[in-house]
Amino acid sequence: MDKKEAIRKLRAYLSCEGLAAMVVPSNDPHFGEYIPDHYKCREWLSCFNGSAGTLVVTSQKAALWTDSRYFVQAEQQLEGTDISLMKIKMEGTPSITEWLRGELEEGSVVAMDENLFSYQEYVSYIEALPNIYVSLIKDPFSEIWEDRPRLEFHPIEPMPVEVAGESVTSKHKR
């Protein structure tokens, strides 16, 4: 698939759903440091595989916000994607919400996957975008990402008493 195809698929989805933009973070529902490949939607869309970054896609533009650890890597990986690099904490770089206010018309709807944002972050977007609607949606990538890696589940294995220092039964009684 060429570097722009995934973005085209997301834009088609947004258009069908009446959405003007989508914010795609670099996390999973557990907000863990290492996320399963299934949740690497930002990477699938942008080709940027750094661990920190947020992608915003509108019908016409896309931009990726990342910090200084990834400026060089992001520039290289975004080449040929038409995604603008937004260098966090650099003079002249707008925040995501500032950029959205400049790109979207009043009354537009911005989508966020309901499983990938904390309530506090969701409320902060609502407050920062007073004339733009922020909508929590179900995972759209289950529909548009054809070869999406499956979630893997592994059996839980109790730690031996020699490692844990105490049996599970003893801990429960205590």
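Refer to the structure above for everything that follows.
Residues numbered from 1 in each chain as written. Predicted model: local features only at pLDDT ≥ 70, side-chain atom pairs only at ≥ 80, totals over all residues. Heavy atoms only, no water.

**Student:** Explanation requested: the packing of aromatic side chains in the structure shown.
**Tutor:** Scanning all chains against the criterion turns up five aromatic pairs. Between the aromatic rings of Trp44 and Phe141, the centroid separation amounts to 6.2 Å while the plane-to-plane angle is 85°, which identifies the pairing as edge-to-face. Remark: Phe141 occurs in helix 6 (residues 141–144) and Trp44 occurs in helix 2 (residues 41–46); sequence separation between them is 97 residues. Accessibility expressed as a relative area gives 14% for Trp44, which makes it buried. Geometrically, the ring pair formed by Phe48 and Tyr70 is edge-to-face, given 5.7 Å between the ring centres and 80° between the ring planes. Residue Phe48 is found in the loop between helix 2 and strand 2 (54–58), and its partner Tyr70 is found in the loop between strand 3 (62–66) and helix 3 (71–78); the two are separated by 22 residues along the sequence. Overall, the relative accessible area of 0% leaves Phe48 in the buried class. Pairwise contacts between aromatic rings join Trp44, Phe141 and Trp145 into one cluster. (Phe/Tyr/Trp six-rings, centres within 6.5 Å; stacked < 30°, edge-to-face > 60°. Helix = DSSP H or I, 4+ residues; strand = E, 2+ residues; numbered from the N terminus. Buried < 20%, exposed > 50% of the residue type's maximum accessible area, 1.4 Å probe, protein only.)

**Student:** I would appreciate a short explanation of the state of the cysteines in the present structure.
**Tutor:** Working definition: the covalent bond between the sulfur atoms of two cysteines is a disulfide. All told, the structure shown has zero disulfides when counted by the stated rule. Looking at the unpaired Cys16, the closest cysteine sulfur is the one in Cys41, lying at 18 Å. Since its relative accessible area comes to 68%, Cys16 is described here as exposed. Left without a disulfide partner, Cys47 is nearest to the cysteine sulfur of Cys41, which lies 14 Å away. Among the residues examined, Cys47 registers a relative accessible area of 28% and is labelled partly exposed. (Disulfide = S-S within 2.5 Å.)

**Student:** Which parts of the structure should I look at to understand the layout of surface pockets?
**Tutor:** In this approach the atoms are scanned with a rolling probe the size of a water molecule, which exposes any empty space left behind. Its volume calculated, the largest pocket comes out at about 260 Å³. Pro25, Thr54, Ile96, Glu121 and Tyr125 are the residues nearest the centre of the largest pocket, which is lined by 19 residues in total. Top element by residues in the lining of the largest pocket is helix 5 (residues 119–128). It accounts for four residues. Of the residues assigned to the lining of the largest pocket, the class counts are ten nonpolar, seven polar and two charged. What lines the second largest pocket is Ser26, Gly32, Glu33, Tyr34, Ile35, Tyr39, Lys40, Arg42, Glu43, Asn49, Gly50 and Ser51. Taken together, the residues of the lining of the second largest pocket break down into three nonpolar, five polar and four charged. (1 Å grid on protein atoms, 1.4 Å probe; cavity = no way out; pocket = protein on both sides within 12 Å on 5 of 7 lines; lining within 4 Å. Points joined across faces, edges and corners; volume = space filled by probe spheres on them. Nonpolar A, V, L, I, M, F, W, Y, C, P; charged D, E, K, R; others polar.)

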